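Examination of the molecular architecture
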Amino acid sequence: MSTRFTTTNNAPDEMNRSAYASPIYITLLSVTTTITNLCLGAITMSALLFIHAFSLPSSMKQHIYLCGIGYMILMAQAIQSLNPHSGWARLVKYQDRRVVHWMLQIVASILVVVGSIIRMMDVTSNFSTAHGILGLIALILTILSMVGGIVSAYSSKLNINPAYMRIAHSCIGSLTLSAAFLCLLFAFNTTFRAGMGNKNANLAIAMTVIGLVGTLTSPCLDVVRRMIRNVRSN
Ligand code: HEM
């Protein structure tokens, strides 16, 4: 009797990769995804608990709600939705995962753009902290990601090699999330630490790192795999 799982919901260009994945590989990925999602939920809750623990200006509350939910929940899930082995995405067909991906990306991008601008308008000397600079970089990369996603979707009509476009889109998407999570890490290290104490801040920072690494491992491996395949086929 076969003890292997069939991965029939792969992207069309991944069909030849391997028709079967070993149960150990699938189990490891499921455990990684579960721990990652637990950490993502925990850091979002930590940020939300922070705003309700103190009386903060409403722009600050809106900023943390919008950027927190946008980057840590929606954008992280948008990236995970393209991983055929990640928790819930395993049960969804490739075409449906693509729709989930762009819908999550659009909603997340709107939330983070609004959340960042609200706070920028309230700060007197803009981009003078590591948090502020990384927040701006994340914002610019978010807009670039959106443009890259649209170009990637129409790459065949635009006469651009879709393989290169996908690699570029994955890289910019991963950089966007990295900048946003580093930005959050600095917020935990300064503002959050001042209010919630060292132990809570250190825990939040550790979970931010796990959340980022867990979310980006699969897309980074995928980029390397696609690059190797392109080099071999040229
Ligand atoms: C991934 C989530 C987040 C992103 C992308 C983000 C992004 C930004 C941006 C773009 C600014 C404006 C910077 C400026 O004009 O100088 C800002 C300011 C600020 N944010 Fe966030 N933020 C996030 C989460 C948080 C959290 C969780 C806190 C609090 C714990 C926080 C606290 C602040 C504060 C105090 C400022 C004003 C001072 C400064 O720039 O450090 N942010 N943020």
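Now for a look at the structure at hand.

**As for the packing of helix H1 (residues 23-53) against helix H5 (residues 162-196)**
The contact between H1 and H5 brings their axes to 11 Å, and the two run at 45°. With respect to H5, the element H1 is oriented oblique. Judged by the twist between their axes, the crossing of H1 over H5 is left-handed. Contact residues: Leu40, Ile43, Ser46, Ala47 and Phe50 in H1; Phe181, Leu184, Phe188, Thr191, Phe192, Gly195 and Met196 in H5. Of the residues that constitute the contact of H1 with H5, the class distribution is nine nonpolar, three polar and no charged.

**Details of the coordination of the iron atom of the ligand**
Within the protein, the iron atom of the ligand binds to His63 (NE2) and His131 (NE2); these donor distances fall in the range 1.9 to 2.0 Å. For the iron atom of the ligand, the six donor atoms in the first shell make angles of 86 to 179° at the metal, so the coordination geometry reads as octahedral. Within this pair, whereas His63 is found in helix H2 (residues 58-80), its partner His131 is found in helix H4 (residues 130-153), the two being separated by 68 residues in sequence. Judged by its relative accessible area of 13%, His63 is buried. Residue His131 is classed as partly exposed on the basis of its relative accessible area, which comes to 25%.

**Digging into the side chain of His101**
Mapped onto the fold, His101 is located in helix H3 (residues 94-120). Classification of His101 by relative accessible area gives buried; the value is 12%. A distance of 2.7 Å separates a polar side-chain atom of His101 from the backbone oxygen of Ala78.

**Observations concerning the packing of aromatic side chains**
Throughout the structure, instances matching the rule amount to three aromatic pairs. Summarising the aromatic geometry, the rings of Phe50 and Phe192 are spaced 5.6 Å apart at their centres and angled 40° between planes, so their arrangement reads as tilted. Placement of the pair is Phe50 in helix H1 and Phe192 in helix H5, with a sequence separation of 142 residues. Neither residue differs from the other here; Phe50 and Phe192 are each classed as buried. Between Phe188 and Phe192, the aromatic rings sit 4.8 Å apart at their centres with planes inclined by 75°, giving edge-to-face as the arrangement.

Cut-off values and rules
Residues numbered from 1 in each chain as written. Predicted model: local features only at pLDDT ≥ 70, side-chain atom pairs only at ≥ 80, totals over all residues. Heavy atoms only, no water. Axes fitted to C-alpha atoms, helices over the stretch in contact; angles between N-to-C directions. Helix = DSSP H or I, 4+ residues; strand = E, 2+ residues; numbered from the N terminus. Parallel < 35°, antiparallel > 145°, perpendicular 65-115°, else oblique. Left-handed = near helix turned anticlockwise from the far one by under 90°. Contact = heavy atoms within 4.5 Å. Nonpolar A, V, L, I, M, F, W, Y, C, P; charged D, E, K, R; others polar. Donors = N, O, S within 2.8 Å, 3.2 Å for Na, K, Ca; no water. Tetrahedral: all angles 85-135°; square planar, octahedral: opposite > 155°, others 65-115°. Buried < 20%, exposed > 50% of the residue type's maximum accessible area, 1.4 Å probe, protein only. Polar contact = N/O pair within 3.5 Å; in protein donor to acceptor, adjacent residues only side chain to side chain. Phe/Tyr/Trp six-rings, centres within 6.5 Å; stacked < 30°, edge-to-face > 60°.

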